[in-house]
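# Summary of the model geometry
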Amino acid sequence: MMSSDFSVFSTEVFFVVICILYTSAEDPLPELSPQKYFSTLQPGKASLAYFCHADSPSTSVVLEQLNEAVRPLQDYGISVAKVNCAKEETSRYCGKEKDLMKAYLFRGNILLRDFPTDALFDVNAIVAHVLFALLFNEVKYITTLEDLQNIENTVKGKANMIFSYVRAIGTPEHRAVMEAAFVYGTTYQFVLTTEIGLLESIGSEEIEHAHLYFFHCKLVSDLTERCRRTLMGQPLTTLNIHAFVKIMKAPLLTEVAEDPQQVSTVHLQLGLPLVFIVSQKATYEAERRTAEWVAWRLLGKAGVLLLLRDSLEVNIPQHTNVVFKRAEKEVPVEFLVLPDIDSIISHVENNMHIEEAVESEDSDVEDPDMDIQDDEVAETVYRDRKRPLPLELTVELTEEMFNRTVTASDSIVLFYAGWQAVSMAFLQSYIDVAVKLKGMSAMLLTRINCADWSDVCTKQNVTEFPAVKMYKKGENPVSYAGMLGTEDLLKFIQLNRISCPVTITSIQEAEEYLNGELYEDLITYSSLSVLGLFSPTMTTAKEDFTEAGNHLKGCVLTGIYSEEDVWILANKYAAALPALLLARHKDGKIESIPLAGTHAQDIVQIITDALREAFPEITVENLPTYFRLQKPLLILFSDGSVNPQYRKAILTLAEEKRLGSFTPCWLNLKNTPVGRGILQAYFGLLPPLPLVVLVNLHSSGQVFAFPSDQSITEQNLALWLKKLEAGLENHITILSAQEWKPPLPAYDFLSMMDATTTQHPTGKAPGCVKETYAQEIEREQHEDKRAIRKEPAETLRIKHWNRNNWFKETEKSLRPHKEL
Amino acid sequence: MGLSAAFWAPLGLLLSLALHPALGTHTHRDYCVLGAGPAGLQMAAFLHRAGRDYQVFERAPAPGSFFTHYPRHRKLISINKRYTGRDNAEFNLRHDWNSLLSHDPWLLFRHYSRAYFPDAGDMVRYLRDFANRLGLHVQYNTDIVHVTLEKDRRAWNGHYFILTNQKGQVYQCSVLLVATGLSVPNQVDFPGSEYAEGYESVSVDPEDFVGQNVLILGRGNSAFETAESILGVTNFIHMLSRSRVRLSWATHYVGDLRSLRLSSGSKFSKKYPLIRASYESKGSRGLFILGTASHSVDYRKSAGGFIHGFRYTVRAVHRLLEHRHHGIAWPCTEHPITQLTNSIIRRVNEASGLYQMFGVLADVILLKENATMFEYLEEFPMQMLAQLETLTGRMAKHGLFIINMEYGKNFSGPDKDVFFHDRSVGHTEDAWQSNFLHPVIYYYRHLPTEQEVRFRPAHWPLPRPTAIHHIVEDFLTDWTAPVGHILPLRRFLENCLDTDLRSFYAESCFLFTLTRQKLPPFCQQGYLQMQGLVSTKSLREHGVESRLLRDYATMGQVLEDSSQQPDDHEPVRHTLATGHLIQSLDSNKEEL
């Protein structure tokens, strides 16, 4: 554990750490006279002093950088001061000329080193140089391969070694290595070089970057044997090194006999995935060797565990030999059947992309940054805010204009709020509709910003944004209830060009309506035309149908025919009046449904059901309609349009009712690329297509894959489904049942407020704050057992913890003084 | 010559509780309102709109008689800012301190005066129009000289209020709403006080003070008003008072001097009647104090003693009465939880009642079961929080949020320099240290009890909540910054409710629907209801760039490419037994 390493170390090297008590967070660089300065020096305590003449400019680059270095150096117990060499009291450290000023590092009052100011060009350089000087014994600086081998030999069987190459002293990488050495210097032998040649000679590639190797020397017993090496893959930052060392410290291979979903190790907490090699009693030895081999290959990339299948309580799919668990909490484990070690390695490497990218980008972030937008809609709208939209295509309404406009012409009104991201995202689609309808529609497209005209919106009963309403002369306004996107809204507007239901006046017209000629341009928006047939006297039936038609406004074409000669149509389509004719334009089929005694609500249901297809192409837009059926989905994934044979096979099964309770559908990756994301979640890798999957969305969340070595035929499918229903098939994965929790914590203002008031508002004991600190430390000690957030939180705790520890140290060192 | 400027005095309400029976015939009214000043008319307007049986009694022949005489120098000290740069009518009321609330857009004070500090005559005209245009039932020239209680079990409150006017006419009222203001002058008594001239009768002609030395008692609004008018003609003006001059921008209390004009400032225990935070008298149920006299509830804290404050408290009283006597629950809107952040952001940005009556009226959000829906109640008297359920008829069983506006704890106080260094807070993390008026949201898992409200921590407007959030102050009171204001609020709400309140595009919801058993509220309440939010090309590109969205089209490409590599044996295709894997692993090892 880091904590123990550190406390041992800090007591050894820096005896007293007091600075934190003396200097608060905002303390700038203290300015002292030489005499004053030397009187503040304490035995064993390191201090960096910059000597300059009192009359020199107070804001030189060096001073600025020193100022910034005050905090970081304080964290290592090193105080920083600016010493003014006044004329009357000079010191030998005061240079003779103004431009020959130097900084000096003391421990107690012993001078350790002096630094020319040009070495202290920035904070990184200052911290790196100072720590380098202080850790002279802990970090060996070498220049030749021989040096390296000598050190390697001395530590073999005793300790592990951390060897790093940085391009130059004083670089950020150098600082990172030194900071790591500060923490781990007593546990590991640190070796540092700036020689490219040395790096080349140990066989590194891409030598333009800094490198850090972990030499596993402790395991080596035979001096002739070389230490195994692990190269750190991430850029050299303090955080990355810390994480890397932690992983190196973790056991190479762990045996577990619990549900992989529940297992958590240090790897997961550091954002690395876990690989479980499934083992059985009979073949345990072989699998253990395999696992060890994999573990070495994946060291630093993933944690490897041996999963003892025989003592496992949960069931895992039969043929699984590898279980893969991603670092992301919410992702379910993947049960894999992999042929060899290389596929395990490549599977891990292929699934690490996101993780790596995030790591490298966030290396500077210190806290879990709650101020970083994680709402995709808010962020994208914000990023797109400067792109001009052709807003002039829609009329912006004000309170005065509103009533005048909506009563004067048929209009669509978008109610939005300028500050609300969802509104503004939808506004883009709305403008797209306006572009598409430009000069073609009699409907006036308008919008009103409810952030300005909230009264108008409230009067129109709009209290949530965005909302769309259609105002037509002589009719009640209709609220749009479809998808907030261009296509659905366009469909709504187009279908509303005619009344719903539209009155058909002749047999001729009715025929044209049914075969799609009457409203040719609207057929693209409604694949179904509904015609209600009534004799003129059936008033209640007509009313019910009209009500249903009104309800379906903008969704589907509805018409009504109730002339005296309606019987001609009734006879032709073998319908008993009142009846519904459903004309499907795709296949030109016309179906009739008797309507006697059916209420409006039921008519709506009949038509909605009719809108569903037997074997639909599932899309982002239509999934909810099929999802509502609450049945498992049988999805055929296809890259491009579906093979007619497969279609026929599935349709036949559906017609023969052999699909049981499943909803068959297919997904075209060309139209719905997000399908790839789904496949990845099911299979880990993108499997070859086409592929049939059964997803039990509503009950167990189990996913089953139709064996890809079988062809998709009626018989095979039917057999597979039968086995499935009999429980003879194993699922490939289970969908995560994870709840949607807050993505990040919120600011805890309550405790911030408590911290400032001496008295706790509720009158509780003031020990409350201490208590949380104690908990914090305790938590730190148990951290490996708990699944916690990755790096950001980790860093936060490191910082926190350091503070506490120093605080304790300080207390200890102050106690004797108090007694005096 | 002296001048008593403190003209406010203890309430002159003569409420004798003699229980002698009512005489002869009398007229019954459900609601009787005393006084046709701003508060009385405001109450009448609400009762009228609700179709209630009510009557207003006014001693004078016209409404707003106070303003025909006061302020003596005719200039009102309430601002009439006609142009705010905003179109939002509700927001604009924040800068209109004279209008009463009504549904008639013509009854806004900006149609009556162009002046920033309008003339009192305009107020008289405005109040007359307000009563006439709305057709309020006001009986003028009626001086209620006697009020008694008559016990009666059938009465709403167990008793009727019997009102007798100067002609001996008797009215029986179920509820009595007193809006008579505080118009009795404060009598001073000290040696020489006989030379003092009261504010109510002092000459307003500066000529009368030419070349004189004037001592003004009091340093309130009336004193300064008088001083200003005679400043040019006198030798000396001395001002004397018990307390230091308090400037309203230092105390953020509008009753203190604004721009060196205005205020009251004596012990209010004498001056104001004892009433509850619901504005009901502590002594007699059914008796409510409205308007200036109700200022004891928020004296020296908020604007309840002024038109721009009490127009909202009157509305609150009306809502309480509607529930108590007519079974009409406190009005609210119900929304899905995905609208939670929006509802709060909307209100804090436009609400005027919250802004004017900060610390007194607060919005309340009541969560429904499982926190999938919530009810939003506006401007509830927050000190009555414990009694919320009985007073409003709304249930608070599943947790609640309170939205209040607050100044920082460091801001106020007459001694403090409000322009002190670092007074504004720019970082969301430091929002709780905001000094200017800013929204504060309290979260309670359970409705606080009366005890908890009464024994709340000092300087806290409410009991200690489960969690609290401050929205960082903004000089323009514009709390709509995506990262500065909305994001931290969302995180707070998410953590209170333990859910994810982010919004998602339909494509993301589609992916979640097919790859997870649970969906975030936004997808459940939007996408699955077939109201998903479709992204546009441009937004998608930004999403990919920000790494919040993935480009699935190219993701396929990458994988397809890799599957074309010669070494790849389509790993998933061959389903091998575990033993097979071991064999191949072993052979691998040998090779290595």
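Look above for the structure.
Summary of the structure given here. (Residues numbered from 1 in each chain as written. Chains lettered and ligands numbered in written order. Predicted model: local features only at pLDDT ≥ 70, side-chain atom pairs only at ≥ 80, totals over all residues. Heavy atoms only, no water.)

## Examining helix 14 (residues 376-383) of chain A
Stated precisely, the cut-off is as follows: Exposed residues in this analysis have more than 50% of their type's maximum accessible area, buried residues have under 20%, and partly exposed residues fall in between, with area computed by a 1.4 Å probe over protein chains only. Under the DSSP-based scheme used, a helix requires at least four consecutive residues in state H or I and a strand at least two consecutive residues in state E, with every element numbered from the N terminus. Any two residues having at least one pair of non-hydrogen atoms within 4.5 Å are treated as being in contact. Any N or O atom pair separated by 3.5 Å or less is treated as a polar contact, with the protein-specific requirement of one donor-capable and one acceptor-capable atom, and with residues adjacent in sequence counted only for side-chain atom pairs.
Judged by how many residues are buried, helix 14 of chain A sits mostly within the fold: six of eight residues are covered. The set of residues buried in helix 14 of chain A consists of Glu376(A), Val377(A), Ala378(A), Glu379(A), Thr380(A) and Val381(A). Tucked inside the fold, the buried residues of helix 14 of chain A contact helix 16 (421-437) of chain A together with helix 14 (506-515) and helix 16 (537-545) of chain B. Among the residues of helix 14 of chain A, the N-terminal cap falls to Asp375(A), whose side-chain oxygen and the backbone nitrogen of Val377(A) are separated by 2.9 Å.

## Structural notes on the sheet that holds strand 17 (residues 411-416) of chain A
Neighbouring strands of a sheet are bound in pairs by backbone hydrogen bonds; such pairs are parallel or else antiparallel. Residues and elements named next belong to chain A. The following threshold applies: What makes two strands pair is DSSP finding at least two bridges between them.
Strand order in the open sheet made by the five strands is 16-18-17-19-20, with mixed pairing throughout. Of all the strands in the sheet, the pair left with one neighbour each is strand 16 (395-396) and strand 20 (478-479). Pairing analysis gives two bridges linking strand 19 (residues 467-471) to strand 20, with the strands arranged antiparallel. Within the sheet, the bridge partner assigned to Lys 469 lies in strand 20 and is Ser 479.

## Quick word on the packing of helix 11 (residues 284-298) of chain A against helix 12 (residues 341-350) of chain A
All names here are of chain A. Rules: Lines fitted to C-alpha atoms define the axes, with helix axes restricted to the stretch in contact, and inter-axis angles between N-to-C directions lie between 0 and 180 degrees. What makes a crossing left-handed is the near helix being turned counterclockwise from the far one by less than a right angle; a clockwise turn instead makes it right-handed. Polar here means any residue other than Ala, Val, Leu, Ile, Met, Phe, Trp, Tyr, Cys and Pro, which are nonpolar, and Asp, Glu, Lys and Arg, which are charged; Gly is therefore polar.
Interhelical geometry of helix 11 versus helix 12 gives an angle of 40 degrees and a closest axis separation of 11 Å. Considering how the two elements wind past one another, helix 11 and helix 12 form a crossing that is right-handed. Contacts between helix 11 and helix 12 involve Thr 290, Trp 293, Val 294, Arg 297 and Leu 298 from the first element and Ile 341, Asp 342, Ile 344, Ile 345 and Val 348 from the second. Classifying every residue of the contact of helix 11 with helix 12 by side-chain character gives seven nonpolar, one polar and two charged.

## Observations concerning the sheet that holds strand 14 (residues 373-381) of chain B
Residue and element names in this part refer to chain B. Judged by pairing direction, the sheet is antiparallel, and its six strands sit side by side in the order 12-14-13-15-16-17 without closing on themselves. One side of each edge strand has no neighbouring strand; the edge strands of this open sheet are strand 12 (332-336) and strand 17 (467-470). Neighbour to neighbour, the strand axes of the sheet diverge by 20 degrees on average, direction disregarded. Pairing of strand 15 (residues 400-406) with strand 16 (residues 438-444) involves seven bridges; the strand directions are antiparallel. Within the sheet, the bridge partner assigned to Ile 403 lies in strand 16 and is Ile 441. Contacts from helix 8 (residues 307-326) reach strand 13 (361-367) and strand 14 within the one sheet, and its direction differs from that of strand 14 by about 120 degrees.

Fair warning: the whole summary comes from geometry, so function is off the table for now.
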